[in-house]
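Structural description and commentary
Residues per chain are reported as follows:
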Amino acid sequence: MQRRTLLHWIASTAAILPFQRLRVLAQPRELTPAAIAMLHEISPTVLPASLGAERVRGTVDKFVQWTRGYREGVALSHGYGHPRLQKTGASPVPGYVSQLAALDADARAKGGKWSTLDLETRRALLDAAFTRAGVRALPPRPMGQHVVADLMAFYFRSSEANDICYSAMIQREVCRPIAITIRKPEPLR
Amino acid sequence: MTHETDICIIGGGITSAMLAQKLSELRPGVHVTVVEAGRSIFDVQNRGRYRERANDYGEHPWHDDYIEDQQASGIISMTMAVGGLALHWGGACNRFSAEDLRLKSMYGLAVDWPIEFKELERYYCEAERRLNVSGAPSLYAEDWRSQPYPQPPIPLSYNLQTLKAWAEKSGLKFDGLPMARNLTPFGGRGACCVYDTCGEVCPSGARYSPDFTFRQLMEPKKIVLHDRTLVRRLVLDDRRTDVVAAQGFHQDRPTDPVEYRAKTFVVASGYCWSSHLLLLSTSSRFPNGLANSSGLVGRYMNGHSFISATANIDDQTFPGQNMTHSLISRQYFRCATDKPFVRHDTRVWESSAGRDPRLRTPEGRLLLGDELMADWRSRTKGSSVRLRAYVDVHPSADSRLTLDASKKNRYGDPMPKIEHRFDDATRARQAATKAHVLNVFGTLAKASNGRIVNSGESDYLDHPGGGCRMGADPKTSVCDSYGRTHDHANLFVVGAPTTPTGGCTNGTLTFVALTLRSADEIARGFSTRR
């Protein structure tokens, strides 16, 4: 293919691509380093500090992994009784990146980095962000409405959090011998 | 393309698997072909990953187990695949009781089944053996059994032990629910590892699913399975009333009809698609479809309604131990004939309802980090208990599956539309039934400082059946007690569609037991020497 022909082909292809498609192509497929850094900065506020810094950091790392494993257009559970076909939507990552950038900007507008704000200011910023995103309750699992609510759901809906809440080794989602279940769960070590 | 076979089974769910398995044992020389519209999902090795994806992302764990243009209005599950709805059933294996089969003669309600309970009980034993059911003999003497369960009961979790002690203070007796769940490896399937996702996907295979049976039958070539092949109609002999062929298409060859010619045809397509196929199979001699001289194909669609509640009690449990196991009381399987009719099972589960983590206080304050954990922990004292009763309700003739001309599949076939209707007696006693069940729940809740915090009623019927009900009289039924259609000697319908009424507890074991009895009759039509 001659160079002129190639340029002409690229130009004509670009012309027929819908703008929406181009916008999608321009969107991040993974959380950006800046977004991940912001998520780490916010996480001690929204995850239990009692976990310790290392486990809080580890939870964020697992959540980032979760975003990488997200697949678009996959059938969701059909349900039973009144089944219906639903599929996973577009990746939440672009929305997450925007939401984290917005929280960063909100924090700076209040006078500093997120971590330097007092708790009630941080709460107010999150409250407003959740309201804008339509988050009213803790999602049953990350649902893509707001990145911080999803991080919270990722942790608080986990088997690990359930064990910590009950201070007991229930291990709800862990493969285990059935005989273990006949005893009162051991206290959490 | 034409395939010749001895027995053509249409449908690939649990009754089909049990039928094919038994026929291959009784008549090993007989050629059995199973035709299923959906695909085979035999990648057992991936089910752990599917479970993880279902837990983490909400993904459906059975990929492409449905056909988008082959869906019914009013159906309870979209699944259409080898294994059917039993790919993702919970594994509950309760028996009906003798009363279910004698509603007319005992109570003057609905109809009697054309089969004695003693006869059905033999097949319950066989079904339990084949499904490797884990259970304890009922605490109620009326629930006699002629053989023990093949497995001991599933050990009650600490939570269920606590709830059993609580619930039995009401005077009702509770057992652990019998389940088709391996405690030790059996039948090529693993032992239960309490993944606690029985109703979605069981990675170890401990909870029975028919795909295992089909694989075990196919590998040594005991049967032939054609998946992704939709049978659209059954064709009669030109002069006689025998069915001679089943015709349809493979999904990949929509312009190349496929035909199965057999001596015997068995429709094992569940409560919805069995009636649908018969209604579609019209001809000049049978303009209303096959097996339908009574006009009852697609009528008397049944199932049980249910009433649910949540109780809060002081006794402490730890939600998440084994949430898919439960307790059952069979106290109200019986009803005195001189009392107002009400029959239901009573089930109890551990629950975390109302005690899950929440984002905001009731006043609306956003909870963060340790605050959220502290709020959650403060609400975990005591326990939530999930209660449910499956209620015996009876269909009217207008409880129907009809062909909906406004919704068609790729071949132009109208899709089914199911609309449940209760008979007059059921409707007349609905308020009293609800009051009775809520009173039972209230009585249960009294112990341990308990109280009912919410309740609700079903808006669909569970474990549906009917549409091809069995009976002795060809004028009032579609098939006999073996599922042999009155109109066509070589056409059988098996399982759920043949049930006249839906009982008051999970139906799968009954559907399987009836099918195993049909298998004996079908086998009698074939010589043992082939």
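Residues numbered from 1 in each chain as written. Chains lettered and ligands numbered in written order. Predicted model: local features only at pLDDT ≥ 70, side-chain atom pairs only at ≥ 80, totals over all residues.

Quick look at the overall build of chain A
When its secondary structure is counted, chain A shows eight helices and zero strands. Along chain A, helices and strands appear, N-terminal first, in the series α-α-α-α-α-α-α-α. Counting every position in chain A, which comprises 189 residues, the buried fraction comes to 28%. Across chain A, contacts joining residues at least 24 apart in sequence account for 39% of those joining residues at least 6 apart. (Helix = DSSP H or I, 4+ residues; strand = E, 2+ residues; numbered from the N terminus. Buried ≥ 20, exposed ≤ 12 C-beta atoms within 10 Å, placed from the backbone. Contact = placed C-beta atoms within 7 Å.)

Focus: the pairing of strand S14 (residues 400-408) of chain B
Look at any regular strand and the pattern is simple: side chains alternate between the two faces of the sheet. All names here are of chain B. The sheet contact formed by S14 and strand S15 (residues 414-419) spans six bridges and is antiparallel. Directly across from Thr 402, in S15, lies its bridge partner Lys 417. Here S14 folds back onto S15, and the loop between the two strands holds five residues, one of which, Gly 412, carries a positive phi near 90°. (Pairing = 2+ DSSP bridges.)

Points about the sheet that holds strand S6 (residues 229-236) of chain B
Residues and elements named next belong to chain B. Strand order in the open sheet formed by four strands is S1-S8-S7-S6, and the pairing between neighbours is mixed. Each edge of the open sheet is held by one strand with a lone partner, namely strand S1 (2-4) and S6. The mean angle between the axes of side-by-side strands here comes to 25°, regardless of whether they run parallel or antiparallel. (Axes fitted to C-alpha atoms, helices over the stretch in contact; angles between N-to-C directions.)

What about the confidence of the model for chain B?
Residues of chain B with pLDDT of at least 70 account for 100%, and the chain-wide mean is 97. Note on the complex model: pTM 0.94, ipTM 0.91. (pLDDT = per-residue confidence, 0-100.)

A look at the nonpolar core
Among the nonpolar cores identified, the biggest contains 128 residues, and B:Ile9, B:Ile10, B:Phe265 and B:Val266 are the most heavily contacted of them. The element that contributes the greatest number of residues to this core is helix H10 (residues 508-524) of chain B, accounting for eight residues. When neighbours within four sequence positions are excluded, B:Phe265 is seen to be in contact with B:Cys8, B:Ile10, B:Leu234, B:Val243, B:Ala246, B:Asn490 and B:Leu491. A:Ile42, A:Leu47, A:Phe154 and B:Met373 belong to the second-largest nonpolar core, a separate cluster that totals 44 residues. (Core = buried A, V, L, I, M, F, W, Y, C linked by C-beta atoms within 7 Å.)

Overview of the interface of chain B and chain A
Tallying the contact residues gives 39 residues for chain B and 43 residues for chain A. Looking at the side of chain B that touches chain A, the elements that each hand over two or more residues are helix H2 (47-57) and helix H8 (369-378) of chain B. The dominant element in the side of chain B that touches chain A, judged by the number of residues it contributes, is H8(B), at six residues. Here the residues of the side of chain B that touches chain A sort into 22 nonpolar, 10 polar and seven charged. (Nonpolar A, V, L, I, M, F, W, Y, C, P; charged D, E, K, R; others polar.)

A closer look at the sheet that holds strand S2 (residues 7-10) of chain B
The strands making up a sheet are joined through hydrogen bonds of the backbone, oriented either antiparallel or parallel. All names here are of chain B. What the five strands build is an open sheet, ordered S5-S3-S2-S9-S18; its pairing is parallel. Only two strands of the sheet have a single partner each, and these edge strands are strand S5 (224-226) and strand S18 (491-493). On average, each strand axis in the sheet is tilted by 20° relative to the strand beside it, whichever way the strands run. Where S2 lies against strand S9 (residues 264-267), four bridges are found, and the strand directions are parallel. Its bridge partner being in S9, Ile 10 is matched across the sheet by Val 267.

Quick word on the pairing of strand S12 (residues 346-351) of chain B
Residue and element names in this part refer to chain B. Counting buried residues along S12, six of its six residues qualify, which places the element largely inside the surrounding structure. On S12, burial covers both faces: Thr 346, Val 348 and Glu 350 on one face and Arg 347, Trp 349 and Ser 351 on the other are all buried. Note that S12 and strand S13 (residues 383-391) share five bridges and pair antiparallel. Looking across to S13, one finds that Glu 350 is bridged to Val 385.

Some remarks on helix H4 (residues 117-131) of chain B
Residues and elements named next belong to chain B. The end-to-end C-alpha distance of H4 is 20 Å, a good match for the 21 Å that 15 residues give at a rise of 1.5 Å each. Taken together, the buried positions of H4 are occupied by Leu 120, Tyr 123, Tyr 124, Cys 125, Ala 127, Glu 128, Arg 130 and Leu 131. Residues of H4 that are buried sit in contact with helix H1 (14-26) and H10. Note on H4: the residue one or two positions beyond its end, Asn 132, has a positive phi of about 55°. (Expected span 1.5 Å × (residues − 1).)

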